Amino acid sequence: MTGDSPYLFYQSRNPRPYLDRGEGIYLYDESGKRYIDGSSGAMVSNIGHSNPRVLAKMKAQMDKATFGYRLHFRTHPSEDLAAKTVSMCPQGLDRVFFVSGGSEAVESAVKLARQYAVATGQGTRYRVISRFPSYHGCTFGALDLTGYEPLRAPFAPMMEGMPKITAPTTYLDRDTLTEEERGFRYAELLREQIEEAGPETVLAFLMEPVGGASTGALVAPDSYYQRTREICEEYGVLLIYDEVMTGAGRTGKFLAAEHWGITPDIVALSKGFGAGYAPLGAIVASSRIVEPVLDAGGFQHGFTYAGNPLACSAGLAVLEELEEQNLIENAARMGDVLKARLEGLMSRYQFIGDVRGKGLLLAFELVADRSTMEPLPRELNAYTRLVEIAYEQGLIIYSRRTRGGYEGDHFLICPPLIVTKAQIEEIMNLLEASLSRFADEIAN
Ligand code: PLP
């Protein structure tokens, strides 16, 4: 264990076994115990672990050059990855800028938006409206845009003037509206916020198309996506989709935005984009945004490691794997299978209040009472306890307790996109065994 390791923080508080190796959807610790990576780490390892074709392509690049500073050399991996990314995105997203992670991608998206505004004579626009709850990263700027108070509180006061609107938590609503009407109602919160802040000050609206860790795979009504896009256009506000978790095929399309036919102005990618083979992220934007910035002297932004040939060779190999092995289609198909299996658990376990998500970004939420969605008592610590039980059984899942206006324990079940039907059965067997042990524990 790592109790006295100088590698501090998470490790020392929550000692875990040493990781030995990975293979497909499985991870092994040094004692030889096998785990199913039922959350792809933190929704990262989309193509599974130790994919030999990806490793071979990275090795070939390593043998040539691992780093060449982007101001000194062009590289084929970075240009090829940019071209491949654009080819997989909806039309209109045709420019790519590389970074090394999700928070960097979100910050870069906001900075590109801001430079675009300045370059096009809209310098009064600086506010980014985001949502509550949400998660956009842990650097200072990205954290300020995050709607999750426990993470923000230790650093308050943060930046000024970045308003948040409520994300559509429609599964909690007990009104008589239709789903479509609810979607419109939540979207109108954006209009109200723009009006309140002063339209001339609003730069962008930032949202996760399907919530990640913050909300547990929350999907909004279809009408929400269309209406928020329309409102952004009406007010000249840029629409930024944070697809750090949803992108690269996780929801059954390359971008989740495609489910609703939305083309955001800027998209942030990471996690599954490098799929755990290299720290990698990107923003993808339309030329309409990028050209004025280039004309004004170029994007005043960039990280040292951004676009390095090794990370880009990994990213390129990952995207090739997604395409060649039809993994995005598999995510859609297996997502339906897994979701139906999770829904099936609701008849046996009354404390499962909701099952939700898209593709292989799926979650269930535990509650005390399904009819009112009253959460389980906080003292039960369900979100950590069930994860521990599952971990002992050899199943890794990811959980959070949403905090704020509503508190609920949700669990993300997001295996790599290579998962098979037989492996879904393995996951479900372990999950059921874990749930039934948890049910016994809380009954006593
Ligand atoms: N945005 C979303 C939607 C995320 O889920 C995350 C990470 O969980 C981030 C941004 C931040 O990414 P990173 O941890 O790579 O900085």
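Residues numbered from 1 in each chain as written. Predicted model: local features only at pLDDT ≥ 70, side-chain atom pairs only at ≥ 80, totals over all residues.

Mind laying out the site of the ligand, listing which residues take part and the relevant values?
In the vicinity of the ligand, 15 residues are found, and the nearest of them are G101, G102, S103, G137 and V244. Take the shell around the ligand: its biggest share by element is 3 residues, from helix α5 (residues 102-119). Classifying every residue of the shell around the ligand by side-chain character gives 6 nonpolar, 7 polar and 2 charged. (Near = placed C-beta within 6 Å. Helix = DSSP H or I, 4+ residues; strand = E, 2+ residues; numbered from the N terminus. Nonpolar A, V, L, I, M, F, W, Y, C, P; charged D, E, K, R; others polar.)

Go over the packing of α5 against helix α10 (residues 287-295), please, and point to the residues and values.
Pairs of packed helices are described in terms of their axes, by the angle between the two and the distance that separates them. Contact pair α5 / α10: the axes reach a minimum separation of 9 Å and the direction vectors enclose 65°. For the element pair α5 and α10, the recorded crossing hand is left-handed. Of α10, the residues touching α5 (which contributes L112, Q115, Y116 and A119) are I289, P292 and V293. When grouped by side-chain class, the residues that make up the contact of α5 with α10 number 6 nonpolar, 1 polar and no charged. (Axes fitted to C-alpha atoms, helices over the stretch in contact; angles between N-to-C directions. Left-handed = near helix turned anticlockwise from the far one by under 90°. Contact = placed C-beta atoms within 7 Å.)

Break down unusual backbone geometry for me, with residues and values.
For residues that are not glycine, phi is negative in most cases, and the peptide bond is trans in most cases. A cis amide bond links F132 with the next residue in sequence, P133, at an omega value of -5°. On the secondary structure map, P133 appears in the loop between β5 (127-132) and α6 (140-144). Along the chain, A156 connects to P157 via a cis peptide bond; the corresponding omega equals -5°. With respect to the helices and strands, the residue P157 is situated in the loop between α7 (149-152) and β6 (164-166). A positive phi angle, close to 55°, is found at M43, a residue other than glycine. Positionally, M43 belongs in helix α2 (residues 40-43). Judged by C-beta crowding, with 22 C-beta atoms within 10 Å, M43 ranks as buried. Of note, the phi angle at M373 is positive, near 60°, even though the residue is not glycine. (Buried ≥ 20, exposed ≤ 12 C-beta atoms within 10 Å, placed from the backbone.)

Give me the lowdown on the sheet that holds strand β7 (residues 202-207), citing residues and values where you can.
Pairing is mixed across the open sheet formed by 7 strands, whose spatial order is β4-β10-β9-β8-β7-β5-β6. Only two strands of the sheet have a single neighbouring strand rather than two, namely β4 (95-99) and β6. Strand-to-strand twist across the sheet, computed as the mean angle between neighbouring axes with direction ignored, equals 20°. In this sheet, strand β9 (residues 266-269) lies alongside strand β8 (residues 238-242) in parallel orientation, the contact comprising 3 bridges. Bridging across to β9, D242 finds its partner in A268. (Pairing = 2+ DSSP bridges.)

So what's going on with the nonpolar core? Residues and values would help.
Core analysis: the biggest nonpolar cluster contains 129 residues, and A113, I240 and I283 have the highest contact counts within it. The leading source of residues in this core is helix α11 (residues 309-324), at 9 residues. Counting residues domain by domain, this core receives three or more from each of domain 1 (10-51 + 326-443) and domain 2 (54-324). (Core = buried A, V, L, I, M, F, W, Y, C linked by C-beta atoms within 7 Å. Domains from an automatic or database assignment.)

Any chance you could break down the sheet that holds strand β14 (residues 395-396) for me, citing the residues and the numbers?
Spatial strand order, β1-β2-β3-β14: 4 strands in an open sheet with mixed pairing. Edge positions in the open sheet fall to β1 (19-23) and β14, since each of these has one partner strand only.

Would you mind going over the domain arrangement of the chain in detail, with residue names and values included?
Along its sequence, the chain is organised into domain 1 (10-51 + 326-443) and domain 2 (54-324). Relative placement of domain 1 and domain 2: their C-alpha centres are 25 Å apart. Mapped onto the side of domain 1 that touches domain 2, the elements with two or more residues apiece are α2, α12 (327-345), β11 (352-358), β12 (361-369), β15 (398-402) and β16 (408-413). A total of 5 residues in the side of domain 1 that touches domain 2 trace back to one element, the largest contributor, which is α12.

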